Amino acid sequence: MSAFDFTFISVASFVFSCSLLYSLVETVLRLKAYDWIKKISLSLLVAMYAILGFYHYKTTRYFDFSIIADHWMSIWRPGSFSESLKVADSIFGPADYVRTVVAGLVMYFLVRYDLKQKHSFTWKSVLITVASFVFLFSLTPNPVDELTSFSKSAAYRVLAIETRFQEKYKPKADQELPLVRDFVSKNGIQKKPNVFFIFVESVNARFLEAKAPNGQEFTPFMNSLIKQGMYFERFYAQSIQTGRSHFASLCGLTPSIYGKEFEKFVDRKLNCLPEVLKENGYYTVFSKANEDVHFDNTYTFTTKHGFNVMNTMGKGCQNEDKDICWGWGIQDDIFYQRFFKYLDDSHMKEPVFGTLATISSHMPFNEVPENQRYIYKNPKNRLEYYSNALRVTDEYLKTFFIELKKSPYADNSIVFVMGDHSFPMGEHKNFQNETFAFEENFRTPLIILDFRKEKVIPVKRVKEAYSQVNLPATVLDLVGVSTKVHFQGDSLLGAPPPYVHLVQPYGGVYFSVIKYPYKYVLYDRSEKEYIFDLEKDPEENLNLRESWQDENLLESFRHEVGRIWFNYDMLTQDRVWR
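Quick summary incoming for the structure in this document. What you are looking at is a predicted structure, and each value in this text was computed from that prediction instead of being measured.

1. With respect to the packing of helix H14 (residues 332–346) against helix H15 (residues 382–406)
Right, so step 1: Where H14 meets H15, the closest approach of the two axes is 8 Å, and the angle between their N-to-C directions is 15°. Comparing the axis directions of H14 and H15 gives the class roughly parallel. Crossing of H14 over H15 shows right-handed handedness. In this structure, H14 uses Asp-332, Asp-333, Tyr-336, Gln-337 and Phe-340 to contact H15, whose residues at the interface are Thr-393, Tyr-396, Leu-397, Thr-399, Phe-400, Glu-403 and Leu-404.
Right, so step 2: Grouping the constituent residues of the contact of H14 with H15 by class yields six nonpolar, three polar and three charged.

2. Re the environment of Glu-367
Right, so step 1: Summarising the element assignment, Glu-367 is placed in the loop between strand E8 (352–357) and H15.
Right, so step 2: Under the relative-accessibility criterion, Glu-367 is labelled partly exposed at 38%.
Right, so step 3: Distance from Glu-367 to Cys-325, taken between C-alpha atoms, is 9.9 Å for residues 42 residues apart in sequence.
Right, so step 4: In this view, Glu-367 contacts Trp-326 and Gly-327; residues no more than four positions away in its chain are not counted.

3. As for the nonpolar core
Right, so step 1: Within the largest apolar cluster, 55 residues are counted, with the highest numbers of intra-cluster contacts made by Phe-196, Leu-397, Phe-400, Phe-401 and Val-417.
Right, so step 2: Elements supplying a minimum of two residues to this core: strand E2 (194–200), helix H9 (220–226), strand E6 (325–326), H14, E8, H15, strand E9 (413–419) and strand E10 (446–450).
Right, so step 3: Looking at this core, the element that brings in the most residues is H15, giving nine residues.
Right, so step 4: Excluding its chain neighbours within four sequence positions, the residues that come into contact with Phe-401 are Phe-221, Leu-225, Val-415, Val-417, Leu-449 and Phe-451.

4. Quick notes on the packing of aromatic side chains
Right, so step 1: What the rule picks out here adds up to 40 aromatic pairs.
Right, so step 2: Note on Tyr-258 and Tyr-568: the rings are 5.9 Å apart at their centroids and 85° apart in plane angle, and the pair reads as edge-to-face. Taken together, the residues Tyr-258 in the loop between helix H10 (242–251) and helix H11 (261–264) and Tyr-568 in helix H18 (residues 551–572) connect sequence positions 310 residues apart. The two residues Tyr-258 and Tyr-568 agree in class, both being buried.
Right, so step 3: Note on Phe-511 and Trp-565: the rings are 5.5 Å apart at their centroids and 65° apart in plane angle, and the pair reads as edge-to-face. Of the two residues, Phe-511 is situated in strand E14 (residues 510–515) and Trp-565 in helix H18; the sequence distance between them amounts to 54 residues. This pair shows no difference in class: Phe-511 is buried, exactly as Trp-565 is.
Right, so step 4: In this structure an aromatic cluster arises from ring pairing among Phe-196, Phe-221, Phe-335, Tyr-336, Phe-339, Phe-340, Phe-400, Phe-401, Tyr-409 and Phe-451.
Right, so step 5: Cation over ring: Arg-391 sits above Tyr-374, and NZ or CZ is 5.0 Å from the ring centre.

5. Some thoughts on the side chain of Arg-452
Right, so step 1: In this structure, Arg-452 sits in the loop between E10 and strand E11 (460–467).
Right, so step 2: Given a relative accessible area of 8%, Arg-452 falls into the buried group.
Right, so step 3: Separated by 2.9 Å, the side chains of Arg-452 and Asp-450 make a polar contact.
Right, so step 4: Discounting chain neighbours no more than four positions away, the residues touching Arg-452 are Ile-189, Pro-193, Asp-411, Asn-412, Ser-413, Ile-414 and Leu-478.

6. Observations concerning H15
Every α-helical turn comprises 3.6 residues, leaving residues that sit three or four positions apart pointing alike.
Right, so step 1: The end-to-end C-alpha distance of H15 is 37 Å, a good match for the 36 Å that 25 residues give at a rise of 1.5 Å each.
Right, so step 2: Most of H15 is tucked away, with 18 of its 25 residues classed as buried.
Right, so step 3: By the N-cap criterion, in which a side-chain oxygen at the helix start approaches the backbone nitrogen of a residue two or three places on, H15 is capped by Asn-381, the distance to Leu-383 being 3.2 Å.

7. Overview of unusual backbone geometry
Right, so step 1: Residue Pro-351 follows Glu-350 across a cis peptide bond; omega there is 5°.
Right, so step 2: As for its position among the elements, Pro-351 is in the loop between H14 and E8.
Right, so step 3: Cis geometry is found at the peptide bond from Tyr-516 to Pro-517, where omega equals 15°.
Right, so step 4: Mapped onto the secondary structure, Pro-517 falls in the loop between E14 and strand E15 (518–523).
Right, so step 5: Of note, His-347 is a non-glycine position whose phi angle comes to about 50°, a positive value.
Right, so step 6: Here Asp-574, not a glycine, exhibits a phi torsion of approximately 60°, which is positive.
Right, so step 7: With respect to the helices and strands, the residue Asp-574 is situated in the segment after H18.
Right, so step 8: Residue class for Asp-574 comes out partly exposed when judged on its relative accessible area of 22%.

8. Points about the pairing of strand E16 (residues 528–533)
Right, so step 1: The buried fraction of E16 amounts to five of the six residues, a majority that puts the element mostly inside the structure.
Right, so step 2: The pairing of E15 with E16 spans six bridges and is antiparallel. Pairing of Tyr-518 across the sheet is with Asp-533, part of E16.
Right, so step 3: The antiparallel hairpin formed by E15 and E16 contains four residues in its connecting segment, where Glu-527 sits at a positive phi of about 60°.

What counts, and at which threshold
Residues numbered from 1 in each chain as written. Predicted model: local features only at pLDDT ≥ 70, side-chain atom pairs only at ≥ 80, totals over all residues. Heavy atoms only, no water. Axes fitted to C-alpha atoms, helices over the stretch in contact; angles between N-to-C directions. Helix = DSSP H or I, 4+ residues; strand = E, 2+ residues; numbered from the N terminus. Parallel < 35°, antiparallel > 145°, perpendicular 65-115°, else oblique. Left-handed = near helix turned anticlockwise from the far one by under 90°. Contact = heavy atoms within 4.5 Å. Nonpolar A, V, L, I, M, F, W, Y, C, P; charged D, E, K, R; others polar. Buried < 20%, exposed > 50% of the residue type's maximum accessible area, 1.4 Å probe, protein only. Core = buried A, V, L, I, M, F, W, Y, C linked by side-chain atoms within 4.5 Å. Phe/Tyr/Trp six-rings, centres within 6.5 Å; stacked < 30°, edge-to-face > 60°. Lys NZ or Arg CZ within 6 Å of the ring centre and 35° of its normal. Polar contact = N/O pair within 3.5 Å; in protein donor to acceptor, adjacent residues only side chain to side chain. Expected span 1.5 Å × (residues − 1). Pairing = 2+ DSSP bridges.

Here you go:
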């Protein structure tokens, strides 16, 4: 499951890409244009090739146009530009920017001398350039040069041509609102409980109940919570970013294949969990530790789709709070304290549905204050940075439960502690979340804790596979609400789902369907298939597709991928809710 494809054809495409670059240079030199235009054009061309190369070197993958397409609006939204720079800085170092500028300047001065020679414009040079590019573009689904790969990802995203796979396996809608159904709670509740979702940033499930080389637990507090609640060992985030996970967890729908849900589908007719709870007497509040409420269009989407209030507890990060802000926002322990203070000051009546999005363990993980580095005092790589960030985030989590115990909600609350998504930490030599579809891209913990006197949630470990689309139905089940819904998942307290659907929207798009212990992956761009046995091969090193014998199960996996496309179509066509 790799972006690399070192076949004879792909290596040949790299050789031809050198010819393409040369042809581009020659074509620009021969254009009837001012010399300064030629100099700048060629300098930008080389600089772009250099930055794509540095990105590939740092991340071991090609740059996907979809990353630009999905984040373009966020980059220019007020207050979000600095967040985008942090993402870039987590990949590129100062030396990379310097090398890119130097490459551009070298090309500028080389062209300056080359322009003194006579270059006559000919259609032949243009045709050679176009033919070279078309040849490279169509040669292989995974080119091994930067420019062609980036261009191919752009065409894949912009054209979005329906594949033969989609045509065959995507079901047809037999009614106007095919996702709407009746949901019946199995619990008769006299007093509705308060419900809290704690989305802990970037938690890789492999780190729970695990230890660092020095013997310290990465998450000692979360490990202690496992013994007090219902722990789902095989719980999956539906996708690989915070906004996508919030969408799945709150709206019960598989995230989008193209585009960010909070931006692309903000005006769709939806009936997400907070809307249902609000209609049933709940006060709904969404609170962030990140200082920017508008990042990823979160404020607009959440307030439009059911939350009474959406706020941040990190407003002062640029001023009076700068000593307790680092990374992407205010540190989590202060965030929890301010959240409960907000509830107290607002004098809101129970029941409350609170959604909390933490920030201290957000990538690039390298800003943990020195006096709070519990595992590695002098971290040297991303794994060690992440270990420190996760450990201090776990320590901060204690504060939520201290504050809850002091609050009027203490004896009538259900708390969901979960990762918003996972994050690879060197498994399969990968430290980035925007590529591949391995377990480390999606598996994240879920612990449900029941603080009511008459508990419904047992203390147990659940080994079956579930995912975030099961959360909304679970909450309705626990609070005794029966109604019509468009949620794809059923309650976590019932039978496990027949399939779990996962989407990796970048790197050519990967779809994953899990029917434990088997995991099916389709790389959409090339339609290559993978099958893993997660029980016998938890590291996903052996692709069983070539030796696979169960054609019925294989066909069912393919049909489930078709359902992911179907659900995306329903969102795009605004056919989810009335």
